[in-house]
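Chains, contacts and geometry: an overview
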Amino acid sequence: MKATTTSTATSGAGPSATVLPATSSSSNARSISRIAPHSHIKGLGLDNEGFALPAASGFVGQTTAREACGVVVDLIKSKKFSGRALLLAGAPGTGKTALALAISQELGAKVPFCPMVGSEVYSTEVKKTEVLAEVFRRAIGLRIKETKEVYEGELTELTPSETENPLSGYGKTVSHVVIGLKTVKGTKQLRLDPGIYEAILKEKIAVGDVVYIEANTGAVKRVGRSDAYASAYDLESETYVPLPKGDVHKRKELVQDITLGDLDAANARPQGGQDIMSVMSHLVKSQRTEVTDKLRREVNKVVKGYVDQGVCEVVPGVVFIDEVHMLDIECFTYLNILLESPMAPTVIFATNRGTSAVRGTVDVVSPHGVPVDLLDRCLIVKTESYTKDEVAAVVQVRAQAESLSFGPGVLDKIAAEGERGSLRYALQLLAPASIVSQLGGRNEITLEDVGEVKELFLNAKDSAGMMGDDILVVPQAMGLVVEMLPAKGPHFPEPLESLADISRLKETVDVNVELKYVFDAITLTRKELKGEVPLIGFTGAPWTLLAYMIEGGGSKTLTKAKTWLWDHPEETKALLKRITDVCVDYLVGQVKAGAQALQVFDSWAGELSSHDFATFSVPYLTAISFGVKERLQRESIPVVPMILFPKGANHALGTLASVGGYDVIGLDWVIDPADAITTTGGEVRNVALQGNIDPNILYAGREAIEREVKLMAQGFKGSLAAKPKGWIANLGHGITPGVDPESLKWFLQCVQKYSAAYSD
């Protein structure tokens, strides 16, 4: 479709294959400035000598990392970085993505930046290597320059001409359209094909808009509204442009930035159009498919021809692969090939892992979960955790980018939340806090707004602790991730698989920071209880926690955990000692927060032999009881009763009762009450007993529940009147999810009835 007043220009797309896409037409849509997570990052913030400024280009802190990235930028610009990659290693929320984006900004405004996460390669549509190849191709930019014959000007007339529809006797159809275009130099009237009229309607072009029409294809593009129609408003949704200079009919140089990935997609489904700038408009949105290596070689060949002709320029971009440890050995091998490609972009990896297993292998353990041969190609830069002052500075920069104002003390409060949780959490509080302040009719964010938003939106540590299995908050505080999976329960996605994995655990754990949410919940609960019932704090026992950390979740055999302690007895003892220290701090913190008694659950005690239990459990259970009481006494805090539940370890009840240091021993349902009394010292024992009815009794009828409670009370008859070393009625384990609350209520009523009957 061409303007009838022009001669057809010869396309400059040399080869017959469809190669270069055209600029897609822009619609008359409102321009919206979106504030993205890293909108404030404008570069690395270095001075002329390459030293990091305290706060510049949106960056705060990470001085060493920024300076190292500056050196990498210089290497890239001097073309001395080919075949290599940059690896950013550091904890979550330490600016790895921002550094990668800043490197891209330093390389140029039009440099392609293609971020991805390692897990993206696991697609059901295409192969893993194809995903990597595609992102690498999208990171190779092409700057295309082409001179085209166009009609350009302000639209002064738009008159469609109608005629009778030749296909039916009803209605009319557009036979052609007459338009008028005006420039500073003159005006011109054109008679155009009806297809161009359809394109004009599709683009919502009206009289007064500045447009240009390609002579050889009839493609229509709206540039903007003529500034002759501009009003006196300060803000408008329209984009106003000056009246074009020169003639209406002219030759114009057009510049377009595309990528090799665009060319691959365009040639995978060619829809016609041989013009060097016209392919993109013919692309169809369809299901994702693989592009063959043969096609890529053909595209490379054509692009090389355009480069030799001076038609286009290659602009290597940046590929940023976050969580690179999520790739497997097949992907890592393929990355080596891609890095050696003559048209490879700058590659930046990021990871928050230390030494870990390489995915896709059985026994290959490597730093950062990346094979050593690929690590040898990498320059590794470490990112540091942000201090409170640095968090405050970043928040201030972000607030300026979002035009937010803070009331007194707000910046310090948000910075404290960032230090306790993460920088990302602190930044994410800003927008909702701003909305809350606006709803309250305030022009600035106040401390009350931040407090309200904190209650609505939890940080990762708080939410994980509330959603996870309660006894597993200690491994979480030590640095492991715990997930709750439906129908499966607690799950460690990256358990301890080798001694090297111990390095992933924090050397020191400040429970007042990591587990503050638990202490806050205890204080609030104690306040709400108003002294009506006692509040019991608890933790998992060291052996049980270690078993979870090694097995990665529940297990029927504990094969991995047992093999670990048999193969590495001394390392196991050292790790159990570290867990014990955290448990002591955690329990003491619970007492300070308001807990009136403490219980230690050794749920997997019965999985160990008597010898192994004495070696790998008893010393640490004892260390907890004596450690907690000694700490409380030293800090002049009243000592609270301590309960131990060593499920299945009935063979060790005598030892635990005599030297364990606990006030109460919990019993499971498999031991007879009389035997438990005798084993723990009989009438002269120094511990109370707790238990021990089978928890499944709650699924039985009321008559059966009453009968079994009566038998339990009779079994503990000798303990009922013994104070303080008496008996606490309880289940032999926890309540299962399907229990009817009415059955539990009946159980408690029966306990009250028969404990009173046998206490005389």
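Notes on the structure follow.

Further remarks concern the packing of aromatic side chains. Per the counting criterion, the structure on display carries six aromatic pairs. Relative to tyrosine 586, the ring of phenylalanine 519 has its centre 6.1 Å away and its plane inclined at 40 degrees; by these criteria the two rings are tilted. Of this pair, phenylalanine 519 sits in helix α17 (residues 516–529) while tyrosine 586 is found in helix α20 (residues 569–593), placing the two residues 67 residues apart along the sequence. For tyrosine 586, a relative accessible area of 4% gives the class buried. For the ring pair phenylalanine 716 and tryptophan 727, a centre distance of 5.0 Å and an interplane angle of 10 degrees mean the geometry is stacked.

This part takes up helix α2 (residues 96–107). When the terminal C-alpha atoms of α2 are compared, their 17 Å separation across 12 residues agrees well with the 16 Å that a helix rising 1.5 Å per residue should span. Among the residues of α2, Lys96, Ala98, Leu99, Ala100, Leu101, Ala102, Ile103 and Ser104 are the ones counted as buried. The secondary structure elements touched by the buried residues of α2 are β2 (59–60), α1 (63–77), β3 (85–89), β4 (113–117), β13 (318–322) and β14 (346–351). Backbone geometry just downstream of α2 places glycine 108 in the positive-phi region, at approximately 145 degrees.

This part is about the pattern of salt bridges. If charged atoms from side chains of opposite charge come close, those side chains can pair. All chains considered together, the criterion is met by 32 salt bridges. Among the ionic pairs, glutamate 330 bridges to lysine 128, the shortest N-O distance being 3.1 Å. Of this pair, glutamate 330 sits in helix α7 (residues 329–339) while lysine 128 is found in helix α3 (residues 128–138), placing the two residues 202 residues apart along the sequence. In this structure, lysine 382 and glutamate 384 form a salt bridge, with 4.0 Å as the shortest nitrogen-oxygen distance.

If you trace the six strands from one edge of the open sheet to the other, you get β20-β21-β22-β23-β24-β25, paired in parallel fashion. For this open sheet the edge positions go to β20 (536–540) and β25 (727–731), each flanked by a neighbour on one side alone. When strand polarity is set aside, the average angle formed by the axes of neighbouring strands in this sheet is 20 degrees. By the bridge criterion, five bridges tie β20 to strand β21 (residues 597–602) in an arrangement that is parallel. Paired with glycine 537 across the two strands is leucine 598, which belongs to β21. With respect to the sheet, α20 is in contact with β20, β21 and β22 (642–646), its orientation differing from that of β20 by roughly 170 degrees. Along the sheet, helix α25 (residues 702–715) makes contact with β24 (688–693) and β25, crossing β24 at roughly 155 degrees.

Criteria and cut-off values
- Residues numbered from 1 in each chain as written.
- Predicted model: local features only at pLDDT ≥ 70, side-chain atom pairs only at ≥ 80, totals over all residues.
- Heavy atoms only, no water.
- Phe/Tyr/Trp six-rings, centres within 6.5 Å; stacked < 30°, edge-to-face > 60°.
- Helix = DSSP H or I, 4+ residues; strand = E, 2+ residues; numbered from the N terminus.
- Buried < 20%, exposed > 50% of the residue type's maximum accessible area, 1.4 Å probe, protein only.
- Expected span 1.5 Å × (residues − 1).
- Contact = heavy atoms within 4.5 Å.
- Salt bridge = Lys/Arg side-chain N within 4 Å of Asp/Glu carboxyl O.
- Pairing = 2+ DSSP bridges.
- Axes fitted to C-alpha atoms, helices over the stretch in contact; angles between N-to-C directions.

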